[in-house]
Amino acid sequence: MSPLGVGTARNWEALQAGESGIGPITRFDASRYSTRIAGEVKGFDPHDFFDKKEVKKSDTFIHYGMAASTFALQDSGLVINEENAERVGVVIGSGIGGLPLIEATHKTLLERGPDRVSPFFIPGQIVNMAAGQVSIRFGARGPNTSPATACTTGLHAIGDAFRFIQYGEADAMIAGGAEAVITPLAVAGFCAMRAMSHRNDEPEKASRPWDAARDGFIMGEGAGIVVLEEREQAVRRGAPIYAEVVGYGMSADAYHISAPHPEGHGAEQVMRAALKDARLTPESIGYINAHGTSTPLGDLSEVRAIHQVFGEHAYKLAVSSTKSATGHLLGAAGGLECGILALAVKHQILPPTLNLDHPGEGCDLDFVPHTPRPVDLEYALTNSFGFGGTNGALILRRHG
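Because the structure is predicted, anything quoted here is derived from the model rather than measured.

Novice: Summarise the overall build of the chain; cite the residues concerned and give the values.
Specialist: Counting its secondary structure elements, the chain contains 13 helices and 13 strands. What you see for the chain is a C-alpha radius of gyration of 20 Å, in line with the 21 Å of a compact globule of 400 residues. When the backbone C-alpha atoms are referred to their principal axes, the chain occupies close to 65 × 55 × 40 Å. Looking at the chain residue by residue over its 400 residues, the buried ones come to 58%.

What follows is the structure, encoded as structure tokens:
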């Protein structure tokens, strides 16, 4: 679920076609905002997944999380029943949670009084309720948690699910992130931070990671959910395996509430941790789906970290940012990008970095500009970094 469309096939086709999901904000009147563009999910009807009353009782991020989880489970062929329910868990996080419902309910409180606040307000917007609703819908009674680690949330959810299976606490996990905060308050907050692009007249060109003219990120929304399963069980039941998770790393910048360390120390540490966990050398990695948000500081910091980890091999591997097409899905970004990485590994095609016309100073890697690229890829890595200096990295391996 992303600004490129609904469903895996649609998203993968759009990435290969070089489409952008960025356009003018339609959810509210943004005429007074310095940033008036975003990546909105289009063509989605929550009534396809909830009845009318349930739609009103839950926030949009829950709708997105349920839809993406439904797609993922259908694709996996995994059937949850009484025999395996306690061995199937859910880890779906959100960086911000149900802000649209919070804003709407606050308006109701001010205009109509406390007696008109819905009794479903609290369970309709708390961060863990995407995981809770998915668990209830499908009967998954295994581990159930919801990380909220800003823009690293989705990746941390998948990494944590990976650990649950490694530690023998589950055989399969539904995992990822969901986010839907293209709202007056959230957009105003990011505008106040001067974090987002002001290229309002050219929305499809606004997200331009590593380009010299980059001027901030573009907010997106949606969900990225995967099904992880213990390898032997997946093979035994004939599951359609896209890739194998082989390494997971976490770290903290311990530097600033919102800015990355300028030399990329936390990003360097987290990639080294993932490589160590996978028992791989840096030279094993052929591609990185980067955090690459299109901010002046963040993009350069990640490039510096890649140089520090990979040395001369940094010039031999490919790096791209699919946020150039989708915008930045905040807490859902890591889930979406892990899914995209799995597709890249399975299909042996690298998604491109759009709008990279003139790389900025210090941005000197192979960023796969403009067009997708066929490749012979064994191992690939994806990064996610969040406010507060929280970092995550996952390594996937080609299956078979």
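After presenting the structure, the write-up continues.
Novice: Give me the lowdown on the sheet that holds strand 4 (residues 144-145), citing residues and values where you can.
Specialist: Overall, mixed pairing links the four strands, which are arranged 4-3-5-6 in an open sheet. Edge positions in the sheet fall to strand 4 and strand 6 (222-229), since each has one partner strand and no second. Inspection of the sheet shows strand 3 (residues 88-93) paired to strand 5 (residues 172-179) by six bridges, in the parallel sense. Its bridge partner being in strand 5, Val90 is matched across the sheet by Ile174. Packed on one face of the sheet, helix 6 (residues 129-138) meets strand 3, strand 4 and strand 5 and runs near 150° to strand 3.

Novice: Describe helix 10 (residues 265-278), with residues and values.
Specialist: With 14 residues, helix 10 should reach 20 Å at 1.5 Å per residue; the first-to-last C-alpha distance of 20 Å fits that figure. Just past helix 10, the residue Arg279 takes up positive phi, approximately 60°.

Novice: Can you break down the packing of aromatic side chains residue by residue, with the values?
Specialist: Using the criterion set out here, one finds seven aromatic pairs in the structure. Relative to Phe217, the ring of Phe190 has its centre 5.3 Å away and its plane inclined at 90°; by these criteria the two rings are edge-to-face. Here Phe217 lies in the loop between helix 8 (184-192) and strand 6 and Phe190 lies in helix 8, a separation of 27 residues in the sequence. The class of Phe190 is buried, set by a relative accessible area of 11%.

Novice: Could you give an account of helix 4 (residues 99-112), with specific residues and numbers?
Specialist: In an α-helix, one turn spans 3.6 residues, which is why side chains three or four residues apart end up on the same side. For helix 4, which comprises 14 residues, the first-to-last C-alpha distance of 19 Å matches the rise-based estimate of 20 Å (1.5 Å per residue) to within 8%. Every buried residue of helix 4 is listed here: Leu99, Leu101 and Thr105. Buried residues in helix 4, looked at end-on, bunch into an arc of 150°, giving them a common side. Those residues of helix 4 that are exposed and angled more than 90 degrees off the buried face are Leu110 and Glu111. Summarising the contacts, the buried residues of helix 4 are in contact with helix 5 (121-125) and helix 8. Just beyond helix 4, the residue with positive phi is Gly113, at close to 95°.

The rules we used
Residues numbered from 1 in each chain as written. Predicted model: local features only at pLDDT ≥ 70, side-chain atom pairs only at ≥ 80, totals over all residues. Heavy atoms only, no water. Helix = DSSP H or I, 4+ residues; strand = E, 2+ residues; numbered from the N terminus. Rg over C-alpha atoms; globule rule 2.2 N^0.38 Å. Buried < 20%, exposed > 50% of the residue type's maximum accessible area, 1.4 Å probe, protein only. Pairing = 2+ DSSP bridges. Contact = heavy atoms within 4.5 Å. Axes fitted to C-alpha atoms, helices over the stretch in contact; angles between N-to-C directions. Expected span 1.5 Å × (residues − 1). Phe/Tyr/Trp six-rings, centres within 6.5 Å; stacked < 30°, edge-to-face > 60°. Arc of directions from axis to C-beta.

Honestly, that's just the spatial picture; any functional story needs more than this.
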